[in-house]
Amino acid sequence: MSVWLQDCSWRELDEQRQAAKNVVIIPVGSTEQHGNHLPLGTDTMVAMLLAEDAAKETGVVVAPPLWSGWSPHHMVLPGTITIRPEILVELLYDVIQSLHAHGFRKFIAINGHRIVNISWMQLTAERAQRQLGVKVVLFDPAYMSKELIGLLDYGPVGHSEEIETSQILYKRPELVHLEKAVDNPVVPHELYSVDPCFTGDTLCYVPSTAADQKKAVELAGGTTGSPTKSCPEKGKVYHEYLVANLVKVIRQLQK
Ligand SMILES: [Zn+2]
């Protein structure tokens, strides 16, 4: 049976909810430019791919993904669809509230859109826990893989860089045009770089601006990072490591 809520009849869904001990995953991503070589839906796909594989292993349900995040800085290129932070907070809250009404009690929101979506997802999680009495866990791939990134010889988190390119190369190779990828290595900024693997990570998040992105567009078609270092083998290691961590989170919630 499919793990996706939208594929189930209401009867099937209700049975799956009970078997899953009321745990549900919500993939949250973005639709935004991802350089010359990756699809616009990369961030949402990343969250969906992790959710799907962990759900197959554990039997939990996956809710329809949220395909838009806060991406004003990527509006410099076609295809980006940005929603305001307050809309994201309300949308995610309403999804949780609806599923809560149908018996779900434990929510895992997977963040496919890096640091940019985290603050707003935290606002939602806090409100849902306070007002609905549910448990909401945020699963962020960058933070959940920080022990692994150095071992894979990946550079810092950028945009359309070797980390997400390798993962999509492993799971959806037909969507990647690696021959069009251009490198634009990430240079950490002292005092305000946010990256779980960067020793100077200050957690002081300064959003990218449209001007920053214009520079990345001129240099590398919108990429920051080194996507030419990508390969499906490393993508497989990265993906499976995250799925294993996500399965652990699900099992903890089911206890
Ligand atoms: Zn991305």
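Above this text sits the structure in question.
Residues numbered from 1 in each chain as written. Predicted model: local features only at pLDDT ≥ 70, side-chain atom pairs only at ≥ 80, totals over all residues.

(A) Molecular detail of the environment of alanine 210. Mapping alanine 210 onto the fold places it in helix α8 (residues 210-220). Residue class for alanine 210 comes out exposed when judged on the 12 C-beta atoms lying within 10 Å of it. A sequence separation of 133 residues divides alanine 210 from leucine 77, and the C-alpha atoms of the two residues are 10.0 Å apart. Setting aside residues up to four positions removed in sequence, alanine 210 forms contacts with His73, Met75 and Val76. (Helix = DSSP H or I, 4+ residues; strand = E, 2+ residues; numbered from the N terminus. Buried ≥ 20, exposed ≤ 12 C-beta atoms within 10 Å, placed from the backbone. Contact = placed C-beta atoms within 7 Å.)

(B) Expanded view of the pairing of strand β3 (residues 106-111). When you tally the buried positions in β3, you get 6 out of 6 residues, the bulk of the element. Of the two faces of β3, both are covered, the one formed by Lys106, Ile108 and Ile110 as well as the one formed by Phe107, Ala109 and Asn111. Bridging between strand β1 (residues 23-28) and β3 involves 6 bridges; their strand directions are parallel. Looking at the pairing, proline 27 lines up with isoleucine 110 of β3. Where β3 lies against strand β4 (residues 135-139), 5 bridges are found, and the strand directions are parallel. (Pairing = 2+ DSSP bridges.)

(C) Region of the structure containing the nonpolar core. Judged by nonpolar contacts, the single largest core of 55 residues is most densely connected at Val24, Ile25, Val61 and Ala109. In terms of residue count, helix α2 (residues 42-58) provides more of this core than any other element does, 9 residues in total. Among all residues touching isoleucine 25, those that are not within four sequence positions of it are Ala51, Ala55, Val60, Val62, Ala63, Ile108 and Ile110. (Core = buried A, V, L, I, M, F, W, Y, C linked by C-beta atoms within 7 Å.)

(D) Quick peek at the sheet that holds β1. Taken together, 4 strands build an open sheet; the order of strands is β2-β1-β3-β4 and the sheet is parallel. Two strands bound the open sheet, and with one partner strand each, they are β2 (61-62) and β4. Contacts between helix α9 (residues 232-254) and the sheet are confined to β1, β3 and β4, with β4 contributing the most and set at about 170 degrees to the helix. (Axes fitted to C-alpha atoms, helices over the stretch in contact; angles between N-to-C directions.)

(E) Here's a closer look at the packing of α2 against α9. For the pair α2 and α9, the least separation of the axes is 9 Å and the interaxial angle reads 55 degrees. Here α2 lies oblique to α9, going by the angle between them. In this structure, the crossing between α2 and α9 has a hand that is right-handed. Contacts between α2 and α9 involve Leu49, Leu50, Asp53, Ala54, Glu57 and Thr58 on the former and, on the latter, His239, Leu242, Val243, Leu246, Val247, Ile250 and Arg251. In the contact of α2 with α9, the residues fall into 8 nonpolar, 2 polar and 3 charged. (Parallel < 35°, antiparallel > 145°, perpendicular 65-115°, else oblique. Left-handed = near helix turned anticlockwise from the far one by under 90°. Nonpolar A, V, L, I, M, F, W, Y, C, P; charged D, E, K, R; others polar.)

(F) Layout of unusual backbone geometry. Of note in the backbone geometry, arginine 114 takes a positive phi value of approximately 60 degrees without being a glycine. Here arginine 114 is to be found in helix α4 (residues 114-132).

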